[in-house]
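Structural description and commentary
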Amino acid sequence: MLAEYGPFFIQLGLAIVLAFAFLKGAALLGPSRPNRIKQMPYESGMDPIGTARTRYSVKFYLVAMIFIVFDVEVVFLYPWAASFERFLDAGVGLEVLGVVTIFVIILAVGLVYDIKKGGLEFD
Amino acid sequence: MDLTQSFSSLGADIIVSAPLVLTMVMGLVIVVLDAFRRNHVATPWIAALTLAFGLVMEITRIGAASGTAYYDLLRVGGMAAYVNALIFGSGLLTVILARPYLESIGHHIGEVYALILFASTGMIVLGTANSLITIFVGFETMSICLYILTGLVRTNQGATESALKYFLLGAFATGFLLYGIALMYGATGTMYLHEMQSAVGDHQTMFRSGVGLLLVGFLFKVSAVPFHMWTPDVYQGAPTPLVGYMSTASKSAAFASLILVLYLALPSTQWIGVVAVIALLTMVIGNVIALAQTNVKRMLAYSSIAHAGYILVGLAAGSPEGYSGALFYLLVYTVMNIGAFGVIALLEWDGTQGSEQSLDSLSGIGYKKPLLAWSMVFFMFGLAGFPPLGGFIGKVAVFGPAIHSGLTWLAIVGVLTSAVSAYYYLRVLVVFFMKESNPDVATDNITFSVPGMSAAVIVLCVIMLIVLGIVPTFLDVTASFFDGNMLATLP
């Protein structure tokens, strides 16, 4: 039973090792010229000085929401891609592709709307 | 699983559900159109044409035999066509009423019409659902669009408050609904309504808990007591013509779905007691609190709570006559409420925002805007249930079956509370016609003119209300949906 999960644990281990390897590798190989601005928490983000209750742009939420939409899209596409071969074998590959295309088009309409309405413009 | 036949019926399904598919596609078209041509003049008319097409198509199919589409997920024809026609009709009248209103308050934005189309899509999916999954998908699609429409006037604090309230409470109700669906599925192992009763087996307790939670979700949507708290606030804050849409179309969809659940999944009579008590509370509390309201929209909100109670009386009867009476009442209620909110929306143009419009500010308006005021006479008498208007026949159609099912006490309370309701409905007319105009509110120099299209919609509602009261064939139509066994048509 547990042995069936072997590949999963191997992948988990690889992921952890790789993550640390990238972090450490970047620190070892990359140039390091720290200055005051670079060392601030949330570099390039909000200024961490002053009260936490300041007003900031609602665009952060827009980006987060758009991200979730496309994240969910990918989540839906994974099982579809994984079972696509079975649909091909059954001879309905074209139809299934059509259905998924409709799904992607609907989400693309959302993206077009978002861009045209200036949802991704920061000013 | 054999996949070769997966798409064999898709073409036929799309054809029988063409109004649903078209509404969704046109909603997307409006979204794209609005992205490139902001607030284009044609946007409301695209929406109106789509809804009109759906209305005509569904009306022609009311007589057709009921069937299912998309692997039994949705019902089509017969009762489903009737409910869809209600939703399309309500949406169409609302679009025509809302366009000049939204222009006058400076919120004429294209998205409104896309949202109305998407909400209609969700309502159709909910009102014709044959499976718990479809119920949930329709429920959410409808609700999310309505939350946005409620908070349309973002700059108005009251509107934002009511939208947030609606959203938080609605999300909570959705949680109940979803939990109920999970328990019902757990007890029966099926999502299809018509398979539930035979599949319950010895999981009765779990099934009943599930149905109870499911009912909470539905009763919230139809604003039945004790889940009615959101209604007055939301109706007060939202743009007035859109309130007409929310209060009629979403109720039609939720009640139709509830009827399908009760009729298909719970044919036993064990739920009569629960629904009867809720109906009693809803009628009494809705009507009594409405007596004390001075704000017009809040008064109409409590009135719509009371009407949900009357419709629940038909459901509590638990018989096909009761269900068909409730379906007929939904039609009458749609006509009356769209009309009443339409009149209030048009009268708002004297500069008083709808959310603050009190009855006093409308005193003496009957002589300045006779068409609107006289239409309001019909709507008020209809809502109070005076013969020969549709409201009277509707009440007969829901109270009669309740008496046949042995719920005489409930029918008596219903009639008594309708008598109480006459007080606050007729008070509107007293204020309109028998009071001097209030010097504090400058109704003397009203200059607004009523757009022809809006006036036509109001007059159409009046005519419909009279026709429904004197032509009895509509009741035969709703009764025919339950002729024979609706289950027999299922595979």
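Everything numeric in this text was worked out from a predicted model, so none of it was measured.

What counts and what doesn't
Residues numbered from 1 in each chain as written. Chains lettered and ligands numbered in written order. Predicted model: local features only at pLDDT ≥ 70, side-chain atom pairs only at ≥ 80, totals over all residues. Helix = DSSP H or I, 4+ residues; strand = E, 2+ residues; numbered from the N terminus. Rg over C-alpha atoms; globule rule 2.2 N^0.38 Å. Buried ≥ 20, exposed ≤ 12 C-beta atoms within 10 Å, placed from the backbone. Contact = placed C-beta atoms within 7 Å. Nonpolar A, V, L, I, M, F, W, Y, C, P; charged D, E, K, R; others polar. Axes fitted to C-alpha atoms, helices over the stretch in contact; angles between N-to-C directions. Parallel < 35°, antiparallel > 145°, perpendicular 65-115°, else oblique. Left-handed = near helix turned anticlockwise from the far one by under 90°. Expected span 1.5 Å × (residues − 1).

Here we take up the overall build of chain B. In terms of helices and strands, chain B carries 19 helices and two strands. Computed over C-alpha atoms, the radius of gyration of chain B comes to 22 Å, within 12% of the 23 Å expected from 2.2 N^0.38 for 491 residues, which places it in the range of a compact globule. Seen through its C-alpha atoms, chain B measures out along the principal axes to roughly 75 × 60 × 40 Å. The buried share of chain B, reckoned over its 491 residues, is 57%. Of the contacts formed within chain B by residues at least 6 apart in sequence, a portion of 78% connects residues at least 24 apart.

For the rest of this paragraph, the subject is the overall build of chain A. Summing up its helical and strand segments, chain A has four helices and zero strands in all. Along chain A, helices and strands appear, N-terminal first, in the series α-α-α-α. For 123 residues, the compact-globule formula gives about 14 Å, and the C-alpha radius of gyration of chain A, at 22 Å, lies well above that figure. Principal axes of the C-alpha set define a box for chain A whose edges measure 60 × 45 × 30 Å. Classification of the 123 residues of chain A by burial places 1% in the buried group.

Before going further, it helps to examine the interface of chain B and chain A. Contacts between the two partners involve nine residues from chain B and, on the opposite side, twelve residues from chain A. Classifying every residue of the side of chain B that touches chain A by side-chain character gives seven nonpolar, two polar and no charged.

Each pair of packed helices can be summarised by the angle the axes make with each other and by the distance between the axes. Packing of helix α4 (residues 93-116) of chain A against helix α2 (residues 18-36) of chain B brings their axes to within 8 Å, and their N-to-C directions diverge by 25 degrees. What the angle tells us is that α4 of chain A and α2 of chain B run roughly parallel. Seen along the crossing, α4 of chain A lies across α2 of chain B with a hand that is left-handed. The segment α4 of chain A lies against α2 of chain B, with Ile 106, Val 109, Val 112, Tyr 113 and Lys 116 of chain A engaging Leu 28, Val 31, Val 32, Ala 35 and Phe 36 of chain B. Here the contact of α4 of chain A with α2 of chain B is composed, by residue class, of nine nonpolar, no polar and one charged.

Attention now goes to helix α2 (residues 59-82) of chain A. Here α2 of chain A spans 35 Å end to end across 24 residues, near enough to the 34 Å set by a 1.5 Å rise per residue. Burial runs low along α2 of chain A: only zero of the 24 residues are buried.

We now examine unusual backbone geometry. Residues and elements named next belong to chain B. A cis amide bond links Val 225 with the next residue in sequence, Pro 226, at an omega value of 5 degrees. Here the bond from Pro 387 into Pro 388 is cis, since omega is 5 degrees, no more than 30 degrees from zero. The backbone of Tyr 71 sits at a positive phi, close to 55 degrees, despite the residue not being glycine. With respect to the secondary-structure elements, Tyr 71 resides in the loop between β1 (67-69) and β2 (74-76). Of note, Asp 72 is a non-glycine position whose phi angle comes to about 65 degrees, a positive value. Here Asp 72 shows up in the loop between β1 and β2. Since 18 C-beta atoms lie within 10 Å of it, Asp 72 is described here as partly exposed.

Turning our attention to the packing of helix α11 (residues 240-265) of chain B against helix α13 (residues 296-317) of chain B. Residue and element names in this part refer to chain B. Put simply, α11 and α13 touch, their axes get as near as 12 Å, and they point 15 degrees apart. Classified by the angle their axes make, α11 and α13 are roughly parallel. Judged by the sense of rotation from one axis to the other, the crossing of α11 with α13 is right-handed. Between α11 and α13, the contacting residues are Thr 240, Val 243, Ser 247, Lys 251, Phe 255, Leu 258, Ile 259 and Leu 262 on the first element and Lys 297, Ser 304, Ala 308, Ile 311 and Leu 315 on the second.

Inspection of the secondary structure puts Leu 416 of chain B in helix α17 (residues 408-434). Here the alpha-carbon distance between Leu 416 of chain B and Val 284 of chain B, two residues 132 residues apart in the chain, equals 9.1 Å.

Turning to the environment of Leu 372 of chain B, a few remarks are in order. Residues and elements named next belong to chain B. Along the chain, Leu 372 turns up in helix α15 (residues 370-384). Residue Leu 372 is classed as buried on the basis of its C-beta count, with 20 C-beta atoms lying within 10 Å. Aside from chain neighbours lying at most four places away, what touches Leu 372 is Val 343, Leu 346, Leu 347, Val 450 and Ile 458.

The subject of this paragraph is the environment of Pro 451 of chain B. Positionally, Pro 451 of chain B belongs in the loop between α17 and α18 (452-470). For the pair Pro 451 of chain B and Pro 100 of chain B, spaced 351 residues apart in sequence, the C-alpha separation works out to 7.4 Å.

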